[in-house]
Amino acid sequence: MKFPTVILVLLVLSKSVVTTNYDLITATSNLIEHLQLPVQVTVLSCWSESEKLQFWSGLNSFTSVRFFTENQVNLPWNDRNQHQNLLVIDAGCSKSKNLLRSAGQLLYYRVKWIIINNKTSKCEQFLKFFDNLQVLISSEVYYICEENGVQGFAIKQVYRLSLTTELIEETFGFWNKGVIVNSQFSKYSSVRRHNLNHYKLRASIVITHNETVNHLEDYSEKHVDAVTKSNYFLTKHVAQDLNATLKFSYVNTWGYRNPETGKFSGMIGELQSDLADLGGTALFLTADRIKEIDYLSMTTPTSVKFIFRSPKLSFTDNVFLLPFSATVWVCIISFIVLSGVLLLIIMKVELRCTRVRYQNIVRPNLIDTVMNMFGALCQQGSYVEPKSLPSKCLILLSLIILMFLYASYSANIVALIQSPSNKIKTLEDLLNSRLEAGAEDTVYNRYYFMHETEPVRKAIYDRKMKHRDGSDSTFITLQKGVEKVRQGQYAFHVELGVCYKVISETFQEDEKCGLQEIEYLNIVDTYYAVQKNSSFRELVRLSLFKLREFGIQHREYWMLYTRKPTCSGGSSFIPVSIVDVWPALTLLMSGFGIAGGLLVGEIIWARVRTKRNQAKVGDYFG
């Protein structure tokens, strides 16, 4: 009787195992359908053909299925649509554990997983399978198991905060006879796993001035390392939102690539080497950094530009030509010439047809009459005394018209000499101007100026900032640079928010007027960053978004940065300098040169004529 009993028990167990395997495969199909994700399902297992057919039959109606062996080459390493991949693994297969170990970041980044175990489906035993696997907090790993007191199967998810922490189990729902009951309050893992339970996050922050370490939280010396202090507060808010603790490390640079080793220095180097989880100081977004770190959110909307006081108009234009437009100048010249021609006609008619005679004028010509009108324009009077009614009318009318023109011109000249110029609007204008240039002595300013390749930007550094001996002494402190801006004729490349604080404290009210800015770096505002493909990426990103939506980011920014000072003091008198009258001096010196040249020419010509006459007289009497 014992032998038939044993056979009966084995048959029952075999039927139970077959039934369990069948239900596991059915539950897996139902779970994929329940998730309602646009996925490509890939099964990496040692299943029999009948098991594959059963699984395929359950999914064929709404998605495609691929079957491969448990080999890491079959993982979607280079799939452009990694986020649409769902992998099904049978932990009962001998190579499944090694496959998951070799999956690396695919276990917690972009790819979704469903793991079943045809051999051991008890939840307590199944959980041990995940020991030493990188099922980090961003992972989407589902496993189906049998739980005591539950009919059917429990569907659970598992994750850990790091490889050194314990596994954390979540119950997704329950399956029974083709029906899944979802027990989760949110389908997004970044929302459900928001509580890190005082896990210690490592944050790297950039400090360029040693004293900043002592003033990170007291809002003193706001203009020193302002971007560091602003993001330091945001990092603490993020940790508080995630219920995490922080361990800070300090570096003196954001990080730049070493061309020999390919490694980054500073904060990026710590993120790259897994020495930090968070980049606690916002940094610029550049092409070479995108491959090394993940940018999350624009936390500090600051900008770095050239700032300068608008120079006087005489620095960019000839103020002696600006009072009138080109059309008015043509009309004035035409009027002088026309008046000179009419005066010449009147004088010739008078000399020929009347007894009117002009002192010292025997034969009037056009040059004399035009010079007479030009002298009237310059308020020098007329050396021709009008005798007849026509000449009196012409000269009187000319004097009245030219008087109004002279008055308008003089008034405009006075206003223009005191006016600022707004013609320096681009980098090319700055390059061709008389302004000197410099930059705040910071790590990023030195790097970008010295490595710039765009022609105009490179020329600004080479011609305006780099000395002939190759030194770069134009990188100066903030206070010294702002003082040079106050004195005028100097463009200073600096972070505007901190520069405005010093300007507000040191400039007179009238000196705050006419401040201009020109962008040099041509990059977007700074971003908060984390490790490349970090498991904390979505958690930190959502926390930063909440800080911005709730106004905390805005508050921290304006606690440290200063708005552009308003111009409320009006304008003050600016004394006339050599630059203002330089065109007039140039014209005067040119006139002296021409007059001197003509004088020398006349003297030489007179001596030549004298010698010729003497030679002719000698020949005549000889």
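Residues numbered from 1 in each chain as written. Predicted model: local features only at pLDDT ≥ 70, side-chain atom pairs only at ≥ 80, totals over all residues. Heavy atoms only, no water.

1. Some remarks on helix α15 (residues 478-487)
(1) Moving on: Burial in α15 covers these residues: Leu 478, Gly 481, Val 482 and Val 485. Buried residues along α15 cover an arc of 100° about the axis, so they all sit on one side.
(2) Moving on: Contacts made by the buried residues of α15 are with β13 (304-309), β14 (436-440), β15 (475-476), β16 (490-495) and α16 (496-506). (Buried < 20%, exposed > 50% of the residue type's maximum accessible area, 1.4 Å probe, protein only. Helix = DSSP H or I, 4+ residues; strand = E, 2+ residues; numbered from the N terminus. Arc of directions from axis to C-beta. Contact = heavy atoms within 4.5 Å.)

2. Here we look at the state of the cysteines
(1) Moving on: According to the stated counting rule, one finds three disulfides in the structure shown.
(2) Moving on: In this model, Cys 46 is linked to Cys 93 through a disulfide, with the two sulfur atoms separated by 2.0 Å. In this structure the cystine formed by Cys 46 and Cys 93 twists about its S-S bond by roughly -90°; its chirality is therefore left-handed. Here Cys 46, found in the loop between β1 (40-44) and α2 (49-59), pairs with Cys 93, found in the loop between β3 (85-90) and α3 (96-102); they are 47 residues apart in sequence, far enough to count as distant. (Disulfide = S-S within 2.5 Å.)

3. Description of unusual backbone geometry
In terms of backbone geometry, most residues other than glycine have negative phi values and most peptide bonds are trans.
(1) Moving on: One non-glycine residue, Tyr 219, lies in positive phi territory at about 55°.
(2) Moving on: Within the secondary structure, Tyr 219 is located in the loop between β9 (200-206) and α6 (226-241).
(3) Moving on: Exposure remark for Tyr 219: the relative accessible area of 21% places this residue in the partly exposed category.

4. Describing the packing of aromatic side chains
(1) Moving on: Throughout the structure, instances matching the rule amount to 31 aromatic pairs.
(2) Moving on: Ring centres of Trp 47 and Phe 55 lie 5.5 Å apart, and the angle between their planes is 65°; this geometry places the pair in the edge-to-face category.
(3) Moving on: Judged by relative accessible area, which is 6%, Trp 47 ranks as buried.
(4) Moving on: Seen in terms of ring centroids, Phe 324 and Tyr 409 are 5.8 Å apart; in terms of plane orientation they differ by 50°. Their pairing is tilted. Taken together, the residues Phe 324 in the loop between β13 and α9 (326-353) and Tyr 409 in helix α11 (residues 389-417) connect sequence positions 85 residues apart.
(5) Moving on: Of the residues examined, Phe 324 reaches a relative accessible area of 13% and is grouped as buried.
(6) Moving on: The structure contains a cluster of three or more aromatic residues connected by ring pairs, namely Trp 254, Tyr 256, Phe 284, Tyr 444, Tyr 447 and Tyr 448.
(7) Moving on: Stacked on the ring of Phe 129, the Lys or Arg Lys 97 has its end atom at 5.2 Å from the ring centre.
(8) Moving on: Positioned above the aromatic ring of Trp 558, the side-chain terminus of Arg 563 is 3.8 Å from the ring centre. (Phe/Tyr/Trp six-rings, centres within 6.5 Å; stacked < 30°, edge-to-face > 60°. Lys NZ or Arg CZ within 6 Å of the ring centre and 35° of its normal.)

5. Notes on the packing of helix α10 (residues 366-377) against α11
(1) Moving on: Two numbers describe how α10 lies on α11: the axes approach to 8 Å, and their chain directions differ by 45°. Overall, the two elements α10 and α11 adopt an arrangement that is oblique. Along the contact surface, α10 presents Met 373, Ala 376 and Leu 377, while α11 presents Ile 395, Ser 398, Leu 399, Leu 402 and Tyr 406. (Axes fitted to C-alpha atoms, helices over the stretch in contact; angles between N-to-C directions. Parallel < 35°, antiparallel > 145°, perpendicular 65-115°, else oblique.)

6. Description of the domain arrangement of the protein chain
(1) Moving on: Domain annotation for the protein chain reports domain 1 (21-193), domain 2 (205-222 + 231-298), domain 3 (302-310 + 421-524 + 551-589) and domain 4 (318-418).
(2) Moving on: A straight line from the C-alpha centre of domain 1 to that of domain 4 covers 99 Å. (Domains from an automatic or database assignment.)

7. Re the environment of Ala 239
(1) Moving on: Its location among the elements puts Ala 239 in helix α6.
(2) Moving on: Each C-alpha atom of the pair Ala 239 and Ser 543 lies 8.8 Å from the other, and the pair is 304 residues apart in sequence.
(3) Moving on: Residues in contact with Ala 239, not counting those within four places in the same chain, are Ala 244 and Leu 246.

8. What to know about the sheet that holds β14
(1) Moving on: Ordered in space as β15-β14-β16-β13-β17, the five strands form an open sheet in which the pairing is mixed. On the outer flanks of this sheet lie β15 and β17 (515-519), each paired with one strand and no other.
(2) Moving on: Here β14 pairs with β15 via two bridges, running parallel. Across the sheet, the residue bridging to Ala 439 is Phe 475, located in β15. (Pairing = 2+ DSSP bridges.)

9. What about the pattern of salt bridges?
(1) Moving on: With the rule as written, the count across this model stands at 25 salt bridges.
(2) Moving on: The salt bridge partner of Asp 274 is Arg 202, with a shortest N-O separation of 3.0 Å. With a gap of 72 residues between them, Asp 274 in the loop between α7 (266-272) and β11 (278-283) and Arg 202 in strand β9 connect regions that are remote in the sequence.
(3) Moving on: Classification of Arg 202 as partly exposed rests on a relative accessible area of 26%.
(4) Moving on: Connected through salt bridges with shared partners, the residues Glu 147, Lys 156 and Glu 169 form a single ionic network. (Salt bridge = Lys/Arg side-chain N within 4 Å of Asp/Glu carboxyl O.)

10. Some thoughts on the sheet that holds strand β18 (residues 526-531)
(1) Moving on: With mixed pairing, five strands are arranged side by side in an open sheet as β10-β9-β11-β18-β12. For this open sheet the edge positions go to β10 (245-251) and β12 (293-300), each flanked by a neighbour on one side alone. For this sheet, the mean inter-axis angle between neighbouring strands, taken without regard to orientation, is 30°.
(2) Moving on: Sheet analysis places β12 next to β18, joined by five bridges and oriented antiparallel. Bridging across to β18, Ser 297 finds its partner in Tyr 528.
(3) Moving on: The sheet strands contacting helix α17 (residues 537-549) are β11, β12 and β18, and the helix crosses β12 at an angle near 10°.

11. Focus on the environment of Asp 90
(1) Moving on: Structurally, Asp 90 is set in strand β3.
(2) Moving on: Accessibility expressed as a relative area gives 2% for Asp 90, which makes it buried.
(3) Moving on: Between the alpha carbons of Asp 90 and Gly 269 there is a distance of 39 Å; along the sequence they are 179 residues apart.
(4) Moving on: In this view, Asp 90 contacts Leu 44, Ser 45, Trp 47, Glu 70, Ser 96, Ile 116, Asn 117 and Asn 118; residues no more than four positions away in its chain are not counted.

12. Notes on helix α18 (residues 552-560)
(1) Moving on: Residues Gln 553, Glu 556, Tyr 557 and Leu 560 constitute the buried set of α18. Buried residues of α18, seen end-on, are gathered within an arc of 100° and therefore sit on one face of the element.
(2) Moving on: Buried residues in α18 make contact with α6, β12 and α17.

13. Some thoughts on the packing of α6 against α18
(1) Moving on: Orientation of α6 relative to α18, taken along the N-to-C sense of each, is 150°, at an axis distance of 9 Å. The orientation of α6 relative to α18 falls into the category roughly antiparallel. Between α6 and α18 lies a crossing whose hand is right-handed. Where α6 abuts α18, its residues Ala 226, Lys 229, Ser 230, Phe 233, Leu 234 and His 237 lie against Ile 552, Gln 553, Glu 556, Tyr 557 and Leu 560.
(2) Moving on: In terms of residue class, the contact of α6 with α18 is built from six nonpolar, three polar and two charged. (Left-handed = near helix turned anticlockwise from the far one by under 90°. Nonpolar A, V, L, I, M, F, W, Y, C, P; charged D, E, K, R; others polar.)

14. Describing the side chain of Asp 277
(1) Moving on: By the element assignment, Asp 277 lies in the loop between α7 and β11.
(2) Moving on: On the basis of relative accessible area, Asp 277 is assigned to the buried category, the value being 6%.
(3) Moving on: The residues contacting Asp 277, other than those within four sequence positions of it, are Lys 200, Leu 201, Arg 202, Leu 271, Val 530 and Gln 531.

15. Some points on the pairing of strand β4 (residues 112-116)
(1) Moving on: Among the five residues in β4, five count as buried, and that is most of the element.
(2) Moving on: The alternating pattern of β4 places Lys 112, Ile 114 and Ile 116 on one face and Trp 113 and Ile 115 on the opposite face, and all of these are buried.
(3) Moving on: Between the parallel pair β3 and β4, the chain is carried across by α3, and the sense of this crossover is right-handed.
(4) Moving on: Examined bridge by bridge, β4 and strand β5 (residues 140-145) share four bridges and lie parallel to one another. Considered in β5, the bridge of Ile 114 is made with Tyr 142. (Right-handed = clockwise from strand over helix to strand, strands pointing away.)

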